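# Structural description and commentary
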Amino acid sequence: NDDGEQKAVFRKFESYRSEAKLPREVRGLKIVVDKKHDSIILPIYGMAVPFHISTLKNASKSDEGDFVMLRLNFLTPGQAGGKREDMPFDDPNATFVRALTFRSADTYRMAEIYRSITDMKKEATKKETERREMAD
Amino acid sequence: MSDKKNIDFNSIYCGLQPDLGRFRLSQNGLGWKGGRDRTIIVGIDELKKMCWTRAARGFELRVLKKDNTVLKFDGFKSDDLDELKEAIKIFYKLPIEVKEVSVKGWNWGKADFQGSNLNFNVTNKTMFELPLAQAIATNKPGKNEVAINFVDPGQPAPDGINPKDIDELMDVTFYIPGTVAKETTNGED
């Protein structure tokens, strides 16, 4: 409605068209990183729950005894972080999932998952930057 | 099928346990028999409601009992629904409610309380459900934030499950913008 130059618009995205498109690996009830669909699929009480990489803010990993904990922070309104202030949201009044923490004793696999997620996020950020530069 | 005494489905899971078993519907009720001699029997008088949804391990039949506990049976194929519907109608005179799931990958939606479950819905489809009865703590880490804790760091893995074979949800944090709206009557579900 205004000059539109600075106003960032929300870009629609969708992990899967239908549940039939979920990868077979979700049957393992473990975290699945699906690069083809830019998504992380999390096991939540027996359901396979995808989160598109565009919703992810960052991921962190920490050790706790025999377990590795993986924390995923998601983008929501009201987050501090300078340049994110102009982040557009599809529905800023909705309820948001802000963070989820998982743990597993399979330290090797958790390290792999952490790496794939951070790589996917870097790739997505790079693509987004390129897209913005092209649009300029 | 109408004259059959029972209907069996093989390779069905019960709850989040790793072992497969046989799920059986009969005139007297339903049951599941799996590894480690685990058997579950639900009499016809205990049955309240049936629900069908997509889970991680294939499709899931949820059996809500009259005491409001829920049993989840996973591993069904999508085509099993017709046979289940028919059998459950004949044996128990109950319908199966089909619940659609959201696989959009969004992290925004609406939280709804259904019994002791917190359902997170995206465009009126279920994205995930949290059994609040299993929560061990809740807290408010920040303004407009609510965190629900299900597993403590020091806690061992669930019984019968190798801790290397499971990615376990420990906690969830929601962000709820704005001020709390005045409580209104529960809308339609």
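Below is a short write-up of the structure. Values in this document were obtained by computation on a predicted structure and should not be read as measured data.

### Describing the interface of chain A and chain B
At the junction of the two partners, chain A supplies 55 residues and chain B supplies 53 residues. In total, about 4,600 Å² of surface goes out of reach between chain A and chain B, with carbon and sulfur atoms giving 58% of it. Linking chain A to chain B there are 6 salt bridges. The salt bridge involving Asp167(B) is made with Arg109(A); its shortest N-O contact spans 2.7 Å. Where chain A meets chain B, there are 26 residue pairs in polar contact (both at pLDDT 80 or more). Those elements that place two or more of their residues in the side of chain A that touches chain B are strand E2 (39–44), strand E3 (47–52), strand E5 (67–74), strand E6 (95–104) and helix H1 (107–135) of chain A. Looking at the side of chain A that touches chain B element by element, the count peaks at 10 residues for E6(A). When the residues that make up the side of chain A that touches chain B are grouped by side-chain class, the tally is 30 nonpolar, 11 polar and 14 charged. Pairing geometry for E6(A) and strand E14 (residues 168–175) of chain B, over 7 bridges, is antiparallel.

### Structural notes on the pairing of E14(B)
Residues and elements named next belong to chain B. Among the 8 residues in E14, 8 count as buried, and that is most of the element. With 5 bridges joining them, strand E13 (residues 145–149) and E14 adopt antiparallel strand pairing. Across the sheet, Ile-148 pairs through a bridge with Val-172, a residue of E14.

### A look at the pairing of strand E2 (residues 20–26) of chain B
Residues and elements named next belong to chain B. Pairing of strand E1 (residues 6–14) with E2 involves 6 bridges; the strand directions are antiparallel. When the sheet's bridge partners are listed, Asn-6 is paired in E2 with Ser-26. Between E1 and E2, which pair antiparallel one after the other, the connecting turn spans 5 residues, and Gly-15 there sits at a positive phi close to 65°. When E2 meets strand E3 (residues 29–34), the two strands line up antiparallel, connected through 6 bridges.

### Considering the sheet that holds E1(B)
Residues and elements named next belong to chain B. Judged by pairing direction, the sheet is mixed, and its 8 strands sit side by side in the order E4-E3-E2-E1-E7-E6-E5-E8 without closing on themselves. Edge positions in the open sheet fall to strand E4 (39–43) and strand E8 (96–98), since each of these has one partner strand only. Across the sheet, the axes of successive neighbouring strands diverge by a mean angle of 30°, strand direction being ignored. Against the sheet, helix H1 (residues 80–92) touches E1, E2, E3, strand E5 (47–54), strand E6 (59–65), strand E7 (70–76) and E8, its axis set at about 45° to E2.

### As for the pattern of salt bridges
Summed over the entire model, instances satisfying the criterion amount to 26 salt bridges over all chains. A salt bridge links Glu128(A) to Arg131(A); the nearest nitrogen and oxygen atoms lie 2.5 Å apart. One end of the pair is Glu128(A) and the other is Arg131(A), both in helix H1 and 3 residues apart, which spans about a single turn. The exposure class of Glu128(A) is partly exposed, given its relative accessible area of 24%. The shortest N-O distance in the salt bridge between Asp19(B) and Arg36(B) comes to 3.3 Å. Within this pair, whereas Asp19(B) is found in the loop between E1 and E2, its partner Arg36(B) is found in the loop between E3 and E4, the two being separated by 17 residues in sequence. You can call Asp19(B) buried: its relative accessible area is 12%. For Arg36(B), a relative accessible area of 53% corresponds to the exposed category. Salt bridges sharing partners connect three or more residues here, namely Arg11(A), Glu128(A), Arg131(A) and Arg132(A).

### A few points about the packing of aromatic side chains
Summed over all chains, the structure comprises 19 aromatic pairs over all chains. With centroids separated by 6.5 Å and ring planes inclined at 35°, the aromatic side chains of Phe96(A) and Trp108(B) adopt a geometry described as tilted. One end of the pair, Phe96(A), is in strand E6; the other, Trp108(B), is in strand E9 (residues 108–114), on a second chain. For the ring pair Phe9(B) and Phe76(B), a centre distance of 5.3 Å and an interplane angle of 75° mean the geometry is edge-to-face. Here Phe76(B) lies in strand E7 and Phe9(B) lies in strand E1, a separation of 67 residues in the sequence. Note on Phe9(B): relative accessible area 6%, which makes it buried. Take Phe76(B): its relative accessible area is 2%, and that puts it in the buried class. Taken together, the ring pairs in this structure connect Phe10(A), Phe13(A), Phe89(A), Phe96(A), Trp106(B), Trp108(B) and Tyr175(B) into an aromatic cluster.

### Comments concerning the environment of Met134(A)
Residues and elements named next belong to chain A. Take Met-134: it is sitting in helix H1. For Met-134, a relative accessible area of 73% puts it in the exposed group. Separated by 69 residues in the primary sequence, Met-134 and Gly-65 have C-alpha atoms spaced 47 Å apart.

### Observations concerning a negative patch on the surface
All names here are of chain A. There is a patch of like negative charges on the surface, built from Glu-123, Glu-130, Glu-133 and Asp-136. Structurally, Glu-123 can be placed in helix H1. Given the relative accessible area of 40%, Glu-123 is considered partly exposed.

Scoring rules and cut-offs
Residues numbered from 1 in each chain as written. Chains lettered and ligands numbered in written order. Predicted model: local features only at pLDDT ≥ 70, side-chain atom pairs only at ≥ 80, totals over all residues. Heavy atoms only, no water. Contact = heavy atoms within 4.5 Å. Buried area = accessible area lost by both parts, 1.4 Å probe. Salt bridge = Lys/Arg side-chain N within 4 Å of Asp/Glu carboxyl O. Polar contact = N/O pair within 3.5 Å; in protein donor to acceptor, adjacent residues only side chain to side chain. Helix = DSSP H or I, 4+ residues; strand = E, 2+ residues; numbered from the N terminus. Nonpolar A, V, L, I, M, F, W, Y, C, P; charged D, E, K, R; others polar. Pairing = 2+ DSSP bridges. Buried < 20%, exposed > 50% of the residue type's maximum accessible area, 1.4 Å probe, protein only. Axes fitted to C-alpha atoms, helices over the stretch in contact; angles between N-to-C directions. Phe/Tyr/Trp six-rings, centres within 6.5 Å; stacked < 30°, edge-to-face > 60°. Patch = residues over 30% accessible without salt bridge, like charges linked within 9 Å, V, L, I, M, F, W, Y side chains within 5 Å. Areas by Shrake-Rupley, 256 points an atom, 1.4 Å probe, with all protein chains shown as cover. Lys, Arg positive; Asp, Glu negative; His and termini not counted. Charge placed at Lys NZ, Arg CZ, Asp CG, Glu CD.

These figures come from the coordinates and say nothing about function on their own.
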